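One-letter residues, chain by chain:
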Amino acid sequence: MSFWDVPGVKAGVITGEAAWGLLIHAKKNGYAIPSFNCTSTSTVNSVLEAGKELGRPIMVQFSEGGSAFFAGKSLPNEKGVLQASILGAVAGAHYVRAVAPAYGIPVIVHSDHCAKKLLPWFDGMLEADEAFFKAHGEPLFSSHMLDLSEEPDEENIAICAKYLKRMAPMNQILEMEIGITGGVEDGVDNSNAAKDKLYSTPEDVFKVYEGLSPISEKFTIAAAFGNVHGVYKAGNVKLQPELLGKFQKYGQEKVGTDKPYFFVFHGGSGSEKSEIAEALTNGVVKMNVDTDTQWAYWEGLLNFYKAKEGYLQGQIGNPEGEE
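Description of the structure in this document.

Criteria and thresholds
- Residues numbered from 1 in each chain as written.
- Predicted model: local features only at pLDDT ≥ 70, side-chain atom pairs only at ≥ 80, totals over all residues.
- Heavy atoms only, no water.
- Core = buried A, V, L, I, M, F, W, Y, C linked by side-chain atoms within 4.5 Å.
- Buried < 20%, exposed > 50% of the residue type's maximum accessible area, 1.4 Å probe, protein only.
- Contact = heavy atoms within 4.5 Å.
- Helix = DSSP H or I, 4+ residues; strand = E, 2+ residues; numbered from the N terminus.
- Pairing = 2+ DSSP bridges.
- Right-handed = clockwise from strand over helix to strand, strands pointing away.
- Salt bridge = Lys/Arg side-chain N within 4 Å of Asp/Glu carboxyl O.

What to know about the nonpolar core
1) Next: Val60, Phe62, Val96, Phe122, Ile221 and Phe263 are the most contacted members of the largest nonpolar core, which has 66 residues in total.
2) Next: Other than its neighbours up to four places away in sequence, Val60 contacts Phe36, Cys38, Val44, Val47, Val96, Val107, Ile108, Val109 and His110.
3) Next: With 16 residues, the next largest nonpolar core counts Phe3, Val6, Met59 and Ile108 among its residues.

Structural notes on the pairing of strand 3 (residues 58-62)
1) Next: Buried residues dominate strand 3, accounting for five of its five residues.
2) Next: Going residue by residue along strand 3, you find Ile58, Val60 and Phe62 tucked away on one face and Met59 and Gln61 tucked away on the opposite face as well.
3) Next: Examined bridge by bridge, strand 2 (residues 33-37) and strand 3 share three bridges and lie parallel to one another. Looking at strand 3, one finds that Ser35 is bridged to Met59.
4) Next: With respect to chirality, the unit in which strand 2 leads through helix 2 (residues 41-54) into the neighbouring parallel strand 3 is right-handed.
5) Next: Where strand 3 meets strand 4 (residues 106-111), five bridges bridge the pair, whose relative direction is parallel. If you follow Phe62 over to strand 4, its bridge partner there is Ser111.

A look at the pattern of salt bridges
1) Next: This structure, assessed with the given rule, holds nine salt bridges.
2) Next: Residue Glu155 pairs with Lys116 through a salt bridge whose shortest N-O separation is 2.5 Å. With a gap of 39 residues between them, Glu155 in helix 6 (residues 153-167) and Lys116 in the loop between strand 4 and helix 5 (119-136) connect regions that are remote in the sequence.
3) Next: Salt bridges sharing common partners tie together Glu17, Glu217 and Lys218.

Things to note about the side chain of His25
1) Next: Along the chain, His25 falls in helix 1 (residues 16-29).
2) Next: Not counting the four nearest positions on each side in its chain, His25 is found in contact with Met1, Ser2, Phe3, Val6 and Tyr31.

Observations concerning the pairing of strand 6 (residues 173-178)
1) Next: Of all six residues making up strand 6, six are buried, and the element is well covered by its neighbours.
2) Next: Where strand 5 (residues 143-146) lies against strand 6, four bridges are found, and the strand directions are parallel. Paired with Leu146 across the bridge in strand 6 is Met176.
3) Next: Handedness of the strand 5-helix 6-strand 6 crossover: right-handed.
4) Next: Two elements, strand 6 and strand 9 (residues 219-223), share five bridges in a ladder whose sense is parallel. When the sheet's bridge partners are listed, Ile178 is paired in strand 9 with Ala223.

Written out as structure tokens, the structure is:
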């Protein structure tokens, strides 16, 4: 069955049962939907163009910092208010909705890591979702991520449960993080995190399932298996995707459902193909790619400039002559 056969899946932004059905299809068929951090209309366009060329569904996601950049760095973004971040994320989601159908592929619109200090941003996006839902019968965003992994697990799960209760009436998907993704992203610095925090346990993951599944089935888990934001030399990061299989087995023994979890792979840039393949086998349905695509974007600009440098030195005249 093609992903096009999933009920409700269409060209353009999908939400609710269609978006969740696409994740179920990914899990059953052993693939993950790539999710790219976007900071501008041009980066959104490049992701949509790639999806169109490959004929595959994609996710466009906005981080808090990326959202502020989308709106404009000169706008106020006061701590505890984050008005520019809210505005940029909402504007970005509306932009994706406007152009995605023309690219002919299904698109999930998502927000990336939201730490506890960034909850005003999350609240602002949910207010936009609720207003859009009231007008159109679906939320503006397909899904959101809460990253409260710096907090105690009990608090992390409790806050996620509170927000999932708010999101469930809109049929919205929540992504949550248990355990820590190393490195630095969006002002959250986990580069010195204790190594044991980079690896979740079966008990950690099952606590998430226990806390969220009674509210809604529509949640994914960014469990830690040694993944780190950024690109590193081979051997510097010890990914253990086999841990995801152990988590699934533990959960299956508890609830009697084969592979009960929907996992997310953070820190995907630079990963070995074999590691990705094993993660997919163990229930990863979404894979974040940020550093690799930022580099490709910058390198494309750089190479174009180098190739056309002589033509870009003045408004009049070029290497072929003054005229």
